[in-house]
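Here is what each chain is made of, one letter per residue.
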Amino acid sequence: MTAAPINQRFPPPQFTETGHQLPHMTAPPPRAGALDYLDIVVLCICLALATWLVLRRRARREVVLLSLFSLLYFGFWRNGCVCAIGSIQNLTQALFDSTYAVPVTVLAFGVLPLVFALFFGRVFCAAVCPHGAFQDVMLLKPVRLPVWLEHGLRLLAYVYLGLAVVFAATGGGYIICRFDPFVQIFRLTGSLTMILTGVIFLLLSMFIGRPYCRFLCPYGVLLGLAGSVSRWRARITPDKCTQCRRCQDACPFNAINKVTPKAQQIDPTPEDKRRLAIRCALLPLVIVSGLWLGGLSGDSLAKAHPTVALAERVHLEDAGAVPGATDASVAFRAEGTAPEKLFAEAHALVARYVLAGRLCGVWVGLVVGLKLIALAWRPRRPEYETDAVRCVACARCFDFCPQEHKRRQGKNGVLD
Amino acid sequence: MLSAAVFSAALGGLLAWTQAQGKVAALVNAPELARLHEQLRKQPKDEALKQQIRALDQQLRLDTFRRLNLSHATARTLLLGGLVLFLLGAHGVLVFRPRPAPHLPSRPAQHVEEMHMRQVTALAVVAMLAIIVAFVALLTRHPAQLPAPPAPAASAVATGGGNPVAAAPAFPTMDEVRKNWPSFRGPDGSGVNPTAQIPTNWNAATGVNVRWQSAMPLAGMSSPIVWGNSVFLTGADEASNCVFRFDADTGKLLWSAILKVAGGARPAPPKVGDDTGLSAPTPATDGRRVYTLFPNGEVAAFDLAGKQVWARNIGPLENNYGFAASLALYQDRLLIQIDRGVVEDNQSKLLALDIATGKDLWQKPRAVAGSWSSPTLVEVDGKPQLLTVAAPLLCAYNPLDGAELWHVGCLESDVAPSPILASNMIVAIAPNTAIFGVKPGEAKFTWKAENGVPDATSPVSDGQRFYIVDSEGMVTCADLQTGKARWQHEIEDRFYASPTIVGDKLVLLSRKGVAYLLRPGDKFELIGKGEVGKEEECGASPAPLGNRLYIRGKLHLFCIEEAKAATAK
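Residues numbered from 1 in each chain as written. Chains lettered and ligands numbered in written order. Predicted model: local features only at pLDDT ≥ 70, side-chain atom pairs only at ≥ 80, totals over all residues.

Asker: Would you mind showing me how to read the overall build of chain A here?
Answerer: The secondary structure content of chain A amounts to 20 helices and two strands. The 416 residues of chain A split such that 43% are buried. Across chain A, the fraction of contacts at a sequence separation of at least 24, relative to all contacts at a separation of at least 6, is 81%. (Helix = DSSP H or I, 4+ residues; strand = E, 2+ residues; numbered from the N terminus. Buried ≥ 20, exposed ≤ 12 C-beta atoms within 10 Å, placed from the backbone. Contact = placed C-beta atoms within 7 Å.)

Have a look at this one:
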């Protein structure tokens, strides 16, 4: 895979009178179709196994082993593609582009983890996602981030999801794949910038648990939303919580919500009600602001589309505002198409981006508004529990729960 | 563990270095190879040189391949192996350490007030939202630069935000013209917009009452003109003459176009002083097209999408200090006052071009010396007159056919201020010498005044008095019918922009970017100040329309509007 691009990048030797024969370019053969179905089978097995290990076996060590397998198979062996995270874009494009058909592998990778999350929580993140597994094996000395910072940074993932959908729906490209920090490491080749980005993420992962999953992963947002309604997701303790707080100490992802002290388990105060009312009233305002801001940004986002970029380049060249010409503009002029046609197409695309930008703004506004409303609630938790959205079902907390140890003792007669 | 980490880090660094060094671009752009190629172009038959190039080419290729081989799979596998060893060691030390005994007593949690923590978290969410909003704001500063989309009706433009006019006539009515600011100092060249309303203070640094500010793509001394929702400006440098269209609501640069005259090399721009620059003439628009003139003699029309309709060269416009006369429009005529040299040179003329084609309609010789003033189109007794000033004449023409209607020989020296008509009195200025009051059609001036005579700026009148400011900051108010001074006041500043009356305010815009707002009247009364920054070195006259004032600085175009009015919209 790596030799061909290097050869193609090389200029041919000069002085053709030497009789030098250019080597025949070869392209790697396409992957056998049957292997795609094998991927789906492996995915299903891994998801089922992860569910069983997390929910029934409650065994961290086996979960780690499975995640190592996923890292090797879906990551280094399958080169990180197809991946569930990027499949969001294929599914979005299929919704907006009637000429695009989603490959069945992509469909499976996009939908199956979500279906599992709907019933069993984020078991895909626990042991099947190679991105998560890679960061998890790098985690050595976790540093606990303040909760406020955790919530603030998590907003980025929602924005990233919105932008990814905007670009995929408008033909602007697959930004999740383009800026995937790990896929180039899985492939052991790629642009130096993205490899270094991946290395930075891995170095961060040594101290901050799964930074990409927590603060950027757009698929994690969807899995979190699906997992929040799951009935059988991972629970910390198999019995009554002793409130020892060890699970919270053990979780490097801030995904365990602490118990509400009895003194604070009170009915909402007038202040609470007033705060809640204000934030509910603010929700439409935040959404409308998002609509407005998103519309404003559409014009700039449109530059990501190759047609708009070409139209801009041609216009600036015609106006003498930029020197020289690019390969794309030279090719366009050689094609003989009227620039007006290109400009009209670009204007139509810009209008589409403005609409998409508005919808993205509404999405972000809705997320922020609802988050603020949720933070206005006075919680009432009788025991420590996993956060339905944030918990990646890594099974770390099980090993630290005294009740879990009692269970294992009762079952096996000895401590694990 | 440590040795594995050091090994991985060293190997990773080496791979990154070879990756950077092994770029093919390094081979293609090798300076020594380029030098030899250049030499071969001069000596194409030099066989020894060819051999030298071949040898160097081969050497460079070998080097590049050697580096690429270093980063081949073996090295990367080694790196991965080192990483795995490191992780195994690190996990062995840090992760698989003894676990807490399950029978330890529970530790009491140290609870903080949950709602307090939640409010801090909400603040963090809002802060992140603010960062995202700031990012979006930055993003919107770089929109896609495309030509404006074609209007539904080819030659129509929205007027004052209204709907495009289908099948618009070839030129606008006077009522339509008066609703806009289509040329230098407004529809009648008086520098007065009685209905416009602007705030009494603004500040570009803080953003107070500044609706928007946009970077100027090119510098120029020409003034902004406004038609409906569009602001047009020109700019030039040694390489090109440009026209720009901005969105009046947002300040977005809708398009920029470079003037290109077919069939000939672009005339070199004349040598001009810095105070005049290469695009001193203000453009004009009729809402169908925008017309531009530059000192190298290039004149052109652009449609509202930025497409050049016609362009031609009307000959050299060499003039001391640089050419500065702005364009005037009357019906389907583009009127250009070209005054050059001394009277005896017979080089001065008044030229009318067809706005649709740019072809000459008529031209009239003028027995005047070089000037820097602009023609002023006024209405006297219901009929149009084009007022021009240049030593020694104040001369009126019929803009339809160029026939001279009347003249008064009273001017001298290098005339730069343009004439105005107010309350049936024309005010014409002989710089540093005298100001003359002339009734239209009369053969001699009515009055002559010698107080505060400006050198570059034009006068402005509120109908009872006229106001002048010279470049050194001396402001003079005098009676319009007698020329007698009412008051004088010195401002510690310099002025190149002509004074403008906006509603009930007299605006004096200084070189330091400070607008002094006075109340027109029989006494000096400063009612406010606006600032756009001294680095802007304002020299162009501002353009008021509606609730806004457009100010061109050296670096930016500003839209001034009362914040409340902007919010209400």
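Asker: Hey, could you run me through the packing of helix H4 (residues 84-96) of chain A against helix H5 (residues 104-120) of chain A in this one?
Answerer: To describe two helices that pack against each other, one gives the angle between their axes and the distance between the axes. All names here are of chain A. Two numbers describe how H4 lies on H5: the axes approach to 8 Å, and their chain directions differ by 110 degrees. By the angle class used here, H4 and H5 are roughly perpendicular. The way H4 lies across H5 gives a crossing that is left-handed. Of H5, the residues touching H4 (which contributes Ala 84, Ser 87, Ile 88, Asn 90 and Leu 91) are Val 106, Phe 109, Gly 110 and Pro 113. When its residues are assigned to classes, the contact of H4 with H5 shows six nonpolar, three polar and no charged. (Axes fitted to C-alpha atoms, helices over the stretch in contact; angles between N-to-C directions. Parallel < 35°, antiparallel > 145°, perpendicular 65-115°, else oblique. Left-handed = near helix turned anticlockwise from the far one by under 90°. Nonpolar A, V, L, I, M, F, W, Y, C, P; charged D, E, K, R; others polar.)

Asker: I'm lost on the sheet that holds strand S32 (residues 543-545) of chain B in this one. Help?
Answerer: Within a sheet, neighbouring strands are paired by backbone hydrogen bonds and run either parallel or antiparallel to one another. All names here are of chain B. Ordered in space as S3-S34-S33-S32, the four strands form an open sheet in which the pairing is antiparallel. Of all the strands in the sheet, the pair left with one neighbour each is strand S3 (210-215) and S32. Each neighbouring strand pair of the sheet contributes to a mean axis angle of 15 degrees, computed without reference to strand direction. For strand S33 (residues 548-552) and strand S34 (residues 556-561), the ladder comprises five bridges, and the chain directions are antiparallel. Its bridge partner lying in S34, Leu 549 is registered against Ile 560. (Pairing = 2+ DSSP bridges.)

Asker: Just checking my understanding: could you explain the interface of chain B and chain A for this structure?
Answerer: A common way to state how big an interface is: give the accessible area lost once the parts meet. Every contact between the two is made by 48 residues of chain B and, on the other side, 60 residues of chain A. When residues of the side of chain B that touches chain A are traced back to their parent elements, those giving at least two are helix H1 (2-21), helix H2 (24-28), helix H4 (47-70), helix H5 (73-95), helix H6 (114-139) and strand S7 (253-258) of chain B. Considering each element in turn, the side of chain B that touches chain A owes the most residues, 16 residues, to H6(B). When its residues are assigned to classes, the side of chain B that touches chain A shows 31 nonpolar, nine polar and eight charged.

Asker: Which parts of the structure should I look at to understand helix H13 (residues 218-227) of chain A?
Answerer: Because the α-helix completes a turn every 3.6 residues, residues three or four places apart line up on one side. Residues and elements named next belong to chain A. Of all 10 residues in H13, eight are buried; the element is thus mostly enclosed. Considered for burial, the residues of H13 that qualify are Pro 218, Tyr 219, Gly 220, Val 221, Leu 223, Gly 224, Ala 226 and Gly 227. Where H13 is buried, its residues touch H4, H5, helix H6 (123-127), helix H8 (147-170), helix H9 (175-178) and helix H12 (211-215).

Asker: Explain unusual backbone geometry to me, please; I cannot follow it from the model alone.
Answerer: The phi torsion of most residues other than glycine is negative, and most of the peptide bonds are trans. Across the junction of A:Cys81 and A:Val82, the peptide omega takes the value 5 degrees, indicating a cis bond. In this fold, A:Val82 is placed in the loop between helix H3 (60-77) and H4. Here the residue pair B:Ala391 and B:Pro392 is connected by a cis peptide bond, since its omega of 10 degrees sits within 30 degrees of zero. Here B:Pro392 is to be found in the loop between strand S17 (383-390) and strand S18 (393-397). Here the phi dihedral of A:Asn79 falls at roughly 60 degrees; this positive angle occurs in a residue that is not glycine. Looking at the secondary structure, you find A:Asn79 in the loop between H3 and H4. Even without glycine at this site, A:Asn254 takes up a positive phi of about 55 degrees. Its location among the elements puts A:Asn254 in the loop between helix H14 (246-250) and strand S1 (256-257).

Asker: Please explain the pairing of strand S10 (residues 298-303) of chain B as it appears in this structure.
Answerer: Sheet faces and side chains relate simply in a regular strand, where the side chains alternate between the two faces. Residues and elements named next belong to chain B. Summarising burial for S10: five of the six residues are buried, a large majority. As judged from the five bridges shared by strand S9 (residues 289-293) and S10, these two strands associate in the antiparallel manner. Bridging across to S10, Val 290 finds its partner in Phe 302. Count of turn residues in the S9/S10 antiparallel hairpin: four residues, of which Gly 297 carries a positive phi of about 95 degrees. Pairing analysis gives five bridges linking S10 to strand S11 (residues 308-313), with the strands arranged antiparallel. Its bridge partner being in S11, Val 299 is matched across the sheet by Arg 312. Hairpin remark: S10 followed by S11, antiparallel, with four residues in the connecting loop; positive phi at Gly 306, about 95 degrees.

Asker: Any chance you could explain the packing of H8(A) against H13(A) here in plain terms?
Answerer: Residues and elements named next belong to chain A. At a minimum axis separation of 8 Å, H8 and H13 run at an interaxial angle of 110 degrees. Comparing the axis directions of H8 and H13 gives the class roughly perpendicular. Taking contact as the criterion, the partners of Ala 157, Tyr 158, Tyr 160, Leu 161 and Ala 164 in H8 are, on H13, Pro 218, Gly 220 and Val 221. Here the contact of H8 with H13 is built from residues that sort into seven nonpolar, one polar and no charged.

Asker: Just checking my understanding: could you explain the sheet that holds S10(B) for this structure?
Answerer: Ordered by their spatial adjacency, four strands build an open sheet running S8-S9-S10-S11 (chain B), and the pairing between neighbours is antiparallel. Either end of the sheet is taken by a strand with one partner, and the two such strands are strand S8 (284-285) and S11 of chain B.

Asker: What is the right way to look at the pairing of strand S31 (residues 526-531) of chain B in this model?
Answerer: All names here are of chain B. Examined bridge by bridge, strand S2 (residues 201-203) and S31 share three bridges and lie parallel to one another. Residue pairing across strands places Asn 203 opposite Glu 531, the latter belonging to S31. In this structure, strand S30 (residues 514-518) lies alongside S31, joined through five bridges in antiparallel fashion. In the sheet register, Leu 518 faces S31, and the bridge partner there is Leu 526.

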